[in-house]
Amino acid sequence: MELDELKSAWQLMNSRLEATEMVVLDLQRKSGLDKTRSALAWFRALPSFELLAGLLMATIYVKFISGSYPVTYIVSWVVLFLFNWAGIISACWQLATVSMIDFGGPVLQIQATLARVRAVREFTTRWSMIVALLLWVPIAIVFAQIAFRFDIVVKFGWPWVLSNLALGIVAIPVIIFLARRFGPGLSANPGVRRILDDVAGRSLIRAMKSVDELAEFEKA
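### Observations concerning the layout of surface pockets
Here comes step 1: What the second largest pocket holds in volume is close to 640 Å³.
Here comes step 2: Lining the second largest pocket are 26 residues, and of these Phe83, Ala86, Gly87, Thr124 and Ser128 lie nearest its centre.
Here comes step 3: For the lining of the second largest pocket, the elements supplying multiple residues, two or more each, are α2 (45-65), α3 (71-99) and α4 (107-148).
Here comes step 4: Classifying every residue of the lining of the second largest pocket by side-chain character gives 16 nonpolar, eight polar and two charged.

Here is the structure:
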């Protein structure tokens, strides 16, 4: 075989190999993205439930404020109403962000989008737990009135209300300090990691893993 024929045969074999690699990569990408779509379909149920729950609570709050109540109840209602709408906005953002993912775009972009969604879920959950140290007092005031027509302020008095609010205010910086001091170490613990995964949503974690695997495959 002459040198030119050998070069031609080599180029042909090379082009066929490249074509085969492209087919394999395309199939792998399609399979990985199908897994991601499937996981995200399940994940949407989580913020959807949070959205519906938030709208239900908003309806209850609106019905409550339509009555005639003292200023204490109005202030409690405003605090809870604003906090509830923050949750509604967060759920809407998550649903919109996931729905607008371009599965035909770069894998790194999909990774970044899912990472943002997880960060928002963890952020909102973390701060909801912290703010709950203060919110439980207005929650108790409002819902004791709604469910049992029980006036906590009148029955327990302002000292009880203010002391519980003060306790919550003092506890917040302590919890933030402990989280910053011991948070990184705790995050490495398998049990804590599972809790964080539950907060983010198991289906979202599966979606992120499938995209991560696809990114690693494309790098290889």
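### Side note on the packing of aromatic side chains
Here comes step 1: Under the defined criterion, the tally for this structure stands at five aromatic pairs.
Here comes step 2: Note on Phe123 and Trp127: the rings are 6.3 Å apart at their centroids and 50 degrees apart in plane angle, and the pair reads as tilted. Residue Phe123 and its partner Trp127 are both found in helix α4; the two are separated by four residues, about one turn of the helix.
Here comes step 3: Classification of Trp127 by relative accessible area gives partly exposed; the value is 35%.
Here comes step 4: Across the ring face of Phe103, the terminal group of Arg37 is positioned such that the distance to the ring centre comes to 4.5 Å.

### Quick look at α4
Here comes step 1: Between its first and last C-alpha, α4 extends only 54 Å over 42 residues, short of the 62 Å set by a 1.5 Å rise per residue.
Here comes step 2: Of all bends in α4, the biggest is about 55 degrees, found at Leu133.
Here comes step 3: In the segment just after α4, Arg149 is the residue with positive phi, at about 55 degrees.

### Things to note about the pattern of salt bridges
Here comes step 1: All chains considered together, the criterion is met by two salt bridges.
Here comes step 2: Of the charged contacts in the structure, one is a salt bridge between Arg121 and Glu50, with a shortest N-O distance of 2.8 Å. Here Arg121, found in helix α4, pairs with Glu50, found in helix α2; they are 71 residues apart in sequence, far enough to count as distant.
Here comes step 3: For Glu50, a relative accessible area of 29% corresponds to the partly exposed category.
Here comes step 4: In this structure, the salt-bridge partner of Arg118 is Glu122, at a minimum N-O distance of 2.9 Å. Placement of both Arg118 and Glu122 in helix α4 is noted, with a separation of four residues, approximately one turn of the helix.

### A word on the environment of Ala41
Here comes step 1: The residue Ala41 is located in helix α1 (residues 3-43) in this model.
Here comes step 2: Through-space distance from the C-alpha of Ala41 to that of Val98 is 9.4 Å; in sequence the pair is 57 residues apart.

### Quick word on the side chain of Asn164
Here comes step 1: Mapping Asn164 onto the fold places it in helix α6 (residues 158-187).
Here comes step 2: Contact partners of Asn164, with chain neighbours within four places excluded, come to Trp136 and Val137.

### As for a nonpolar patch on the surface
Here comes step 1: Taken together, the side chains of Leu52, Leu55, Trp85 and Ile89 define a hydrophobic patch exposed on the protein surface, amounting to about 400 Å² of accessible area.
Here comes step 2: Within the residue set of the nonpolar patch, elements represented by two or more residues are α2 and α3.
Here comes step 3: By the secondary structure assignment, Ile89 is in helix α3.
Here comes step 4: Using a relative accessible area of 57% as the deciding quantity, one classes Ile89 as exposed.

### Quick notes on the packing of α2 against α4
Here comes step 1: Taken N-terminus to C-terminus, the directions of α2 and α4 make an angle of 30 degrees; their axes are 14 Å apart at the nearest point. One finds that α2 runs roughly parallel with respect to α4. In the crossing of α2 with α4, the sense of the turn from one axis to the other is left-handed. Contacts between α2 and α4 involve Leu46, Pro47, Glu50, Met57, Ile60, Tyr61 and Phe64 from the first element and Arg121, Val142, Phe143, Gln145 and Ile146 from the second.
Here comes step 2: In the contact of α2 with α4, the residues fall into nine nonpolar, one polar and two charged.

### What to know about the confidence of the model for the protein
Predicted coordinates in areas of low pLDDT are best not read in detail.
Here comes step 1: Looking at the protein as a whole, the pLDDT averages 76, with 72% of positions reaching at least 70.
Here comes step 2: Here helix α7 (residues 190-200) stands out as the element of the protein with the lowest mean pLDDT, 57, in contrast to α3, whose mean of 86 is the highest.

About the thresholds
Residues numbered from 1 in each chain as written. Predicted model: local features only at pLDDT ≥ 70, side-chain atom pairs only at ≥ 80, totals over all residues. Heavy atoms only, no water. 1 Å grid on protein atoms, 1.4 Å probe; cavity = no way out; pocket = protein on both sides within 12 Å on 5 of 7 lines; lining within 4 Å. Points joined across faces, edges and corners; volume = space filled by probe spheres on them. Helix = DSSP H or I, 4+ residues; strand = E, 2+ residues; numbered from the N terminus. Nonpolar A, V, L, I, M, F, W, Y, C, P; charged D, E, K, R; others polar. Phe/Tyr/Trp six-rings, centres within 6.5 Å; stacked < 30°, edge-to-face > 60°. Buried < 20%, exposed > 50% of the residue type's maximum accessible area, 1.4 Å probe, protein only. Lys NZ or Arg CZ within 6 Å of the ring centre and 35° of its normal. Expected span 1.5 Å × (residues − 1). Bend = angle between axes of the 7 residues up to and from the residue. Salt bridge = Lys/Arg side-chain N within 4 Å of Asp/Glu carboxyl O. Contact = heavy atoms within 4.5 Å. Patch = residues over 30% accessible without salt bridge, like charges linked within 9 Å, V, L, I, M, F, W, Y side chains within 5 Å. Areas by Shrake-Rupley, 256 points an atom, 1.4 Å probe, with all protein chains shown as cover. Axes fitted to C-alpha atoms, helices over the stretch in contact; angles between N-to-C directions. Parallel < 35°, antiparallel > 145°, perpendicular 65-115°, else oblique. Left-handed = near helix turned anticlockwise from the far one by under 90°. pLDDT = per-residue confidence, 0-100.

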